[in-house]
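Descriptive analysis of the structure
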Amino acid sequence: MRVRPRGTGSVAHCTMPKALITGITGQDGSYLAEFLSAKGYEIHGLKRRSSSFNTDRVDHLYEDLHKSGAKFFLHFADLSDASSLAWCLADIRPDEIYNLGAQSHVKVSFDIPEYTSDVVALGTVRLLEAIRRIGLKCRFYQASSSEMFGSTLPPQSEATRFHPRSPYGCAKVFAHQIAVNYRESYGLHASCGILFNHESPRRGETFVTRKISRAVAHIRLGLQDQLYLGNLEARRDWGFAGDFVEAMWAMLQQDQPDDYVIGTGEAHSVGEFAEAAFAHAGLDWRKYVKVDPRYYRPAEVDDLRADASKAHRVLGWRPRVSFPELVRMMVDADLAALERKLKGGMEAVALTKER
Ligand code: NAP
Ligand code: G4F
């Protein structure tokens, strides 16, 4: 990747640079935290109060860094709570802020549009306003989304018109535009990554790729016999989340803030993902996948495929993991996790019997 040494007007790093990540407990937050910690950053993450554990994806990092004496901190805050954000920023004074926190499920955004807009759209303004009012000299990354392109035809680039098709997509357009506005109005070093779908074994269980890889594992091990999905025709440009977080960081290392499309440039349908995932486990997907209209959306995004040539040219960023490798990685991880769980369960049964 091409990363220029920071020039005039950049954040001076005499000591370990500090990064603040909203959404650190999510898929991307966890990969980004790993990536930045390997680069020697002091990492601060915002976590929400939850009645159950919500730090599974970063617990390993916390443990490792704790032992090595590195700096990793989690703070309670919420994107719907401006004062918590302002306090954290004033206290931590990060050099780089990565705004990844979101109600990120498109279908759910039709059920809770007001909450989704509050967190995704207003949450971004709250963060930007806190930066401005505190007078923080930092660089800002906004997690924009290919969902903003909605119904415009592929391939989509930075120049493509937005036509969002969901409350989530609309809220992301607002968040994107307000980040651009703070860049133009106040000279904030704010960059937006318009990321196409990216997946991993840490993907939330209700997104379609993970729903499929988990179902394949359950069916393969005899614990499930059907998988119900919605629209099998929708096409997505699926990449690996671990590759994509590197682009986030690269954007903030440029002298000038800008917006970049990040994706693989290759699209597949949901049906093709399912076919490949089942085939990897030696199964014929047509025997197991059924369509349930309950998973249809009021408006669908039919076809997303990135034109990431600007990111290739300026950032030197390219994805490393291919589509077949991603499918295999996710299915293998879910099979291994389920096998471990079953083995653990058997051992627990054996122990119970011994007593
Ligand atoms: P994710 O796994 O759903 O993680 C979302 C994170 O946001 C979680 O840490 C979640 O906390 C946190 N969050 C939710 N509501 C919050 C609130 N009110 N205040 C503070 N934090 C809150 O999403 P992801 O896949 O990592 O995506 C990261 C970002 O990129 C999101 O903004 C998403 O919209 C955007 N994006 C994702 C993709 C993709 O394909 N993955 C593509 C384009 C853009 P909990 O863990 O407590 O739920
Ligand atoms: O996996 P999905 O839920 O992801 P979607 O809607 O593309 O959104 C993801 O990517 C966006 C980037 O474009 C992010 F901004 C967003 O935060 C999120 O990470 O659905 C993918 C496709 C859709 O067309 C959906 O209709 O799969 C189709 N699908 C078919 N059956 C299903 C299902 N989606 C889900 N979640 N569950 C199904 O059973």
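One can find the structure itself at the top, above this paragraph.
Cut-offs applied
Residues numbered from 1 in each chain as written. Chains lettered and ligands numbered in written order. Predicted model: local features only at pLDDT ≥ 70, side-chain atom pairs only at ≥ 80, totals over all residues. Heavy atoms only, no water. Helix = DSSP H or I, 4+ residues; strand = E, 2+ residues; numbered from the N terminus. Expected span 1.5 Å × (residues − 1). Buried < 20%, exposed > 50% of the residue type's maximum accessible area, 1.4 Å probe, protein only. Axes fitted to C-alpha atoms, helices over the stretch in contact; angles between N-to-C directions. Left-handed = near helix turned anticlockwise from the far one by under 90°. Contact = heavy atoms within 4.5 Å. Nonpolar A, V, L, I, M, F, W, Y, C, P; charged D, E, K, R; others polar. Near = heavy atom within 4 Å. Polar contact = N/O pair within 3.5 Å; in protein donor to acceptor, adjacent residues only side chain to side chain. Areas by Shrake-Rupley, 256 points an atom, 1.4 Å probe, with all protein chains shown as cover. Phe/Tyr/Trp six-rings, centres within 6.5 Å; stacked < 30°, edge-to-face > 60°.

Observations concerning helix α8 (residues 241–252)
An α-helix turns once every 3.6 residues. As a result, residues three or four positions apart point the same way. Between its first and last C-alpha, α8 extends 18 Å over 12 residues, near the 16 Å set by a 1.5 Å rise per residue. With 12 of 12 residues buried, α8 lies mostly within the body of the structure. Of all the residues in α8, the buried ones are Ala241, Gly242, Asp243, Phe244, Val245, Glu246, Ala247, Met248, Trp249, Ala250, Met251 and Leu252.

Quick look at the packing of helix α1 (residues 27–38) against α8
Two elements in contact, α1 and α8, have axes whose closest approach is 9 Å; the angle formed by their N-to-C orientations is 65 degrees. Viewed along their axes, α1 and α8 form a crossing whose handedness is right-handed. Between α1, through Gln27, Asp28, Tyr31, Leu32, Phe35 and Leu36, and α8, the contact on the second element is made entirely by Ala241, Gly242, Val245, Glu246, Met248 and Trp249. The residue inventory of the contact of α1 with α8, partitioned by class, reads eight nonpolar, two polar and two charged.

Structural notes on the site of ligand 2
Around ligand 2, a shell composed of 23 residues is seen, among which Ser145, Ser146, Tyr168, Arg297 and Glu300 lie nearest. At a separation of 2.5 Å, an oxygen atom of ligand 2 approaches a polar side-chain atom of Arg297. Considering ligand 2 on its own, with 710 Å² of exposed area, one finds that the protein chains cover 95% of that surface. When the residues that make up the shell around ligand 2 are grouped by side-chain class, the tally is nine nonpolar, eight polar and six charged.

Considerations on the packing of aromatic side chains
Applying the stated criterion across every chain, the model contains 11 aromatic pairs. Here Tyr31 and Phe240 contribute two aromatic rings whose centre-to-centre distance is 5.6 Å and whose plane-to-plane angle is 75 degrees, an arrangement assigned as edge-to-face. On the criterion of sequence distance, the pair formed by Tyr31 in helix α1 and Phe240 in strand β10 (residues 239–240) is long-range, its members being 209 residues apart. You'll find Tyr31 and Phe240 in the same group, each marked buried.

Focus: α1
With 12 residues, α1 should cover 16 Å at 1.5 Å per step; its first-to-last C-alpha distance of 17 Å lies within 8% of that length. Buried residues of α1: Gln27, Asp28, Gly29, Ser30, Tyr31, Leu32, Ala33, Phe35, Leu36 and Ser37, and no others. Of the residues trailing α1, Gly40 is marked for its positive phi of about 90 degrees.

Re the side chain of Gln254
Locating Gln254 in the fold gives a position in the loop between α8 and β11 (259–262). Note on Gln254: relative accessible area 2%, which makes it buried. A polar contact is formed between the side chain of Gln254 and the backbone oxygen of Ala250, at a distance of 3.1 Å.

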